[in-house]
Amino acid sequence: MNGNELIQAAIKLQKVDRIPWVPFVGCHAGYLIQVNAKEYFQSEENIVNGVKAAISHYTPDGIPIVFDLQVEAEILGCDLIWADENPPAVSSHPLAENISLDDLQIPRATDGRLPLILGATRTIRKEYPDIALYGLITGPFTLALHLFGSGIFMKMYNDEAFVKRLISFCTKVCFAMSGYYIEAGCDVIAMVDPMTSQIGPDHFKQFVTKPATDIFDHIRDKKCLSSFFVCGNAQQNIEVMCECRPDNISIDENIPLDFVKEICLKHQISFGGNLQLTVVLLLGDEDDAVRNAHECMKIAGDTGFILAPGCDLPYATPAENIKAISEYIHDPYQLEIAQTLEGHEKVQDILDMSDYGRSDKIIIDIITLDSESCPPCQYMVESVKEVAPAFENIITWREHKIKHRESLTFMTSLMVKNIPTICIDGQITFVSRNPPREELIAAIQKRIFEKLNHKIRSKKGTLLIFGKDEEQCNNVKPEVERALRELGTDVDIEYITDEKEALSYGITSTPAVVTAKYSTKSEGFVPSIPAIKEWIKELQ
Amino acid sequence: MDQRTAIKPVPFFLVTGFLGSGKTTLLKRFIETYADGKKLAIIQNEFADINVDGRELKATGKSFELLEINKGSVFCVCLLSDFTSSLIDLLDTCQPDAVILEATGLADPIAIGQLLMADRLKMKTYLSHVWCIIDTTSFLPMETLVTRMVHQVRIADSVVLNKTDQSSAEETQQVEKRITMINPHAEITRTKYCDIDLFDIFKEITATSNSPTNTNNINHLISSGPPNIFSAVVRTTGNIARKDLEQFLSQYEMNTYRIKGYVNLSDNSSVSVQSCFGKTKILSVEKSMSPTELIALGPNLDHRVFSNAFESFL
């Protein structure tokens, strides 16, 4: 199944090969191509390049063309404030400023930024026939708020007729907008109406149910699929949203996914969203992102679910976090690894690995899911097995299958985050990729040289020559120097003429020669008392 | 590294309330009371256009840091990302003694609370106190309309019934009754022009106005080291048995400064929970559509461990 087929099947609650994935890339696409949000949303070329970049980075099954809920408002006379890292914001409301509702015209496809958005849609449609394209329209309630301002809430209370007339106009705008997007080649029309999260189900029914139902019926009549996007805490409205008969409901992290699943599936409606935008995707790391995706997929199950962020991805979301989710969703082994790692944070018994890898032999640890069942793990283990004979008696290798608790502890203690990973003497060396034979050999040789070097540097001998004065020492010196030359050994020579110091070595009669051999036991840190005790024992 | 940012997170105060309820007036009170001795950072994120460029606040003539976010319609959690990076910058560059956020009248306070738990923020700041300002003259009709107003009352530590000079005694009483039904733990103050006594917000976290004065417990926590204060949130649709909730709270109450929120019980009822230094109160509230939501504040609190501990009882 290609991406579009996966989305179509998931929305129709049919069986899917895997859960489809739709990263809601809006202004974040500007970040990917290094233009600010203003430059991004005002250029067809930037939109095309941004969406292409997102497709290449995140291999989505579906993608929105433009995530900007101010497009219609701008055409209808709202002033916008542009930001570098956010979609624009509406700063004036024409209907609150002596402009009559009767003066407003339904936007045409040639108005405002629509030509460049629709142009970008056609280009992307042509280039990516297998990806589901989402056309986003501003929902009637949110558009009404843009046009009238927040005074609409009081107006709902004291002038119901006006608000209904206003929302009815906004509904016609939605009809027109969905028509333009469908014509340009979109597969799913997402009606985004975040402001409905502000009102309760009674007022939703009073003001939103009919317009929203009409919009979804209109989209259905045009043989296209629909989605109802809401963000914010709209839990109270999920049931009434379902009653509007969209094909899909998409929500953000404010609403528990299990709740949405239960209500939506009861109404035979697919659902999606819920990845945590800020705390996880923007501020977390790849691990957090995959864990969150895993949690969402586990709760949602594989019927009628589309994995997506709760809303438009923040501009500077680290691309690695979204890529990690993409890799995870496309790789069944990553799924298994995530399941195994679910108890990861429960590993309390962290091993002290500060002295790991100091033995004479080189230790190669391969952290795997299980080389018998996971091919990437199998190839990595085989690579090590293959080079091992070349280093017979020099290296020891072992596999740590994280299915076993002790291996999980080991992995956590070495701070390994990805599976499979090769560690050489406790150092993370190859992560999630199978090294070519030469590269692996080079890495092992590098470690052998490091150890040898360290060994040579840390062992040193000194020859102490005691004399009552310099002259007496000089008598011994030529004999000692000749012996060293003949042996070719690098030993330091020290001359001691102080009687008290000589006595401290137990020397009572000079000249005398004492040999001292020592090795560096610690360097750059304060050693522990038990370690020092062990070193002292070696001297006795 | 500055010691203050290294070991002592900055208290974060949240002022919520519907549009026109008087949030900016309360902010002015803060500035007038504290700006001479402390470095205040004010974040404004107002939906309405009345307070363009923080003009009203600047009119106080006092010195404070002002950060304005987006300046337009903010309604999505996605737009809070801007807030996060701005807040980090503000904390690093200005090193304020306190941050006060005047939330948009349409903001979800829980979402803001959760943001403060992000790794990049949790060592720098913690949610200390939440005020919700109520326009007494319009609350009753509006709360049935705007669900977010109820969310804001639910999560407040202090509810300020503002504009009581413009409402009848009977109306004020009805509003107060309604607030108590939504949030029985909130400290309610009746006032006009937000003229309320501000407790010493810098004294210590323990000095919040509605904290019980159980000094033994306070000492136990304060003596346990530098105040690495963290917040944790549980948000779940699962229902918990009352005895399990009590057991969960008993596990945490002695080691947290505060736990508060709403819990849906397995007998299909809902309760409001407030626990301060070992003193826990569980009060019945009307059943709502909202999920269980608990916010905890304490030294070395781990969000995931806290959340998992709660979930293990479900």
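Our subject is the structure listed above.
Just so it is clear, the structure is predicted and the values come from calculations on it, not from any experiment.

## Observations concerning the interface of chain A and chain B
Next, step 1: If you look at the interface, chain A gives 46 residues, while chain B gives 41 residues.
Next, step 2: When chain A packs against chain B, close to 3,800 Å² is buried across both sides, 61% of that on carbon and sulfur atoms.
Next, step 3: In this assembly, chain A and chain B are joined by zero salt bridges.
Next, step 4: At the junction of chain A with chain B, the criterion picks out one residue pair in polar contact (both at pLDDT 80 or more).
Next, step 5: Breaking the side of chain A that touches chain B down by element, the ones donating at least two residues are β3 (89-90), α7 (140-148), α8 (152-158), α13 (257-266), α14 (277-282) and α15 (286-300) of chain A.

## Some words on helix α20 (residues 437-458) of chain A
All names here are of chain A.
Next, step 1: Between its terminal C-alpha atoms α20 stretches 32 Å, which fits the 32 Å expected from 22 residues at 1.5 Å a residue.
Next, step 2: Residues Leu440, Ile441, Ala443, Ile444, Arg447, Lys451 and Ser458 constitute the buried set of α20. Angularly, the buried residues of α20 cover 160° about the axis, an arc narrow enough to put them on a single face. Residues of α20 that are exposed and point more than 90 degrees away from the buried face comprise Glu438, Lys446, Phe449, Ile456 and Arg457.

## A short note on the nonpolar core
Next, step 1: Formed by 180 residues in total, the largest nonpolar core has its most connected members in Tyr134(A), Leu147(A), Phe153(A), Leu166(A), Leu307(A), Phe12(B) and Leu87(B).
Next, step 2: For this core, the element with the highest residue contribution is helix α9 (residues 160-184) of chain A, accounting for 14 residues.
Next, step 3: If near-sequence neighbours (up to four positions away) are discounted, Leu307(A) is found in contact with Ile19(A), Pro20(A), Trp21(A), Val22(A), Leu275(A), Ala293(A), Cys296(A), Met297(A), Ile325(A) and Ile329(A).
Next, step 4: Among the nonpolar cores identified, the runner-up in size contains 21 residues, and Phe230(B), Phe248(B), Tyr252(B) and Leu301(B) belong to it.

## Digging into the pairing of strand β14 (residues 459-466) of chain A
All names here are of chain A.
Next, step 1: Counting buried residues along β14, six of its eight residues qualify, which places the element largely inside the surrounding structure.
Next, step 2: Looking at chain direction, β14 and strand β16 (residues 512-519) are connected through eight bridges and run antiparallel. From the neighbouring strand, Lys459 faces β16, where its bridge partner is Ser519.
Next, step 3: Examined bridge by bridge, β14 and strand β15 (residues 492-496) share five bridges and lie parallel to one another. Within β15, the position partnered with Phe466 by the bridge is Ile496.
Next, step 4: Note on the crossover from β14 through helix α21 (residues 470-487) to β15: the handedness is right-handed.

## Looking at the pairing of strand β10 (residues 362-368) of chain A
Residue and element names in this part refer to chain A.
Next, step 1: Among the seven residues of β10, seven are classified as buried, and the element is accordingly described as predominantly covered.
Next, step 2: Judged by which residues are buried, β10 turns out to be covered on both faces: Ile362, Ile364, Ile366 and Thr368 on one side and Ile363, Asp365 and Ile367 on the other are all buried.
Next, step 3: Alignment of β10 against strand β11 (residues 395-401), held across seven bridges, turns out to be parallel. Within the sheet, the bridge partner assigned to Ile366 lies in β11 and is Glu399.
Next, step 4: With helix α18 (residues 375-387) bridging β10 and its parallel neighbour β11, the resulting β-α-β unit is right-handed.
Next, step 5: Pairing between β10 and strand β12 (residues 421-424): four bridges, direction antiparallel. Counted as the bridge partner of Ile364 is Ile424 from β12.

So, how was this worked out
Residues numbered from 1 in each chain as written. Chains lettered and ligands numbered in written order. Predicted model: local features only at pLDDT ≥ 70, side-chain atom pairs only at ≥ 80, totals over all residues. Heavy atoms only, no water. Contact = heavy atoms within 4.5 Å. Buried area = accessible area lost by both parts, 1.4 Å probe. Salt bridge = Lys/Arg side-chain N within 4 Å of Asp/Glu carboxyl O. Polar contact = N/O pair within 3.5 Å; in protein donor to acceptor, adjacent residues only side chain to side chain. Helix = DSSP H or I, 4+ residues; strand = E, 2+ residues; numbered from the N terminus. Expected span 1.5 Å × (residues − 1). Buried < 20%, exposed > 50% of the residue type's maximum accessible area, 1.4 Å probe, protein only. Arc of directions from axis to C-beta. Core = buried A, V, L, I, M, F, W, Y, C linked by side-chain atoms within 4.5 Å. Pairing = 2+ DSSP bridges. Right-handed = clockwise from strand over helix to strand, strands pointing away.

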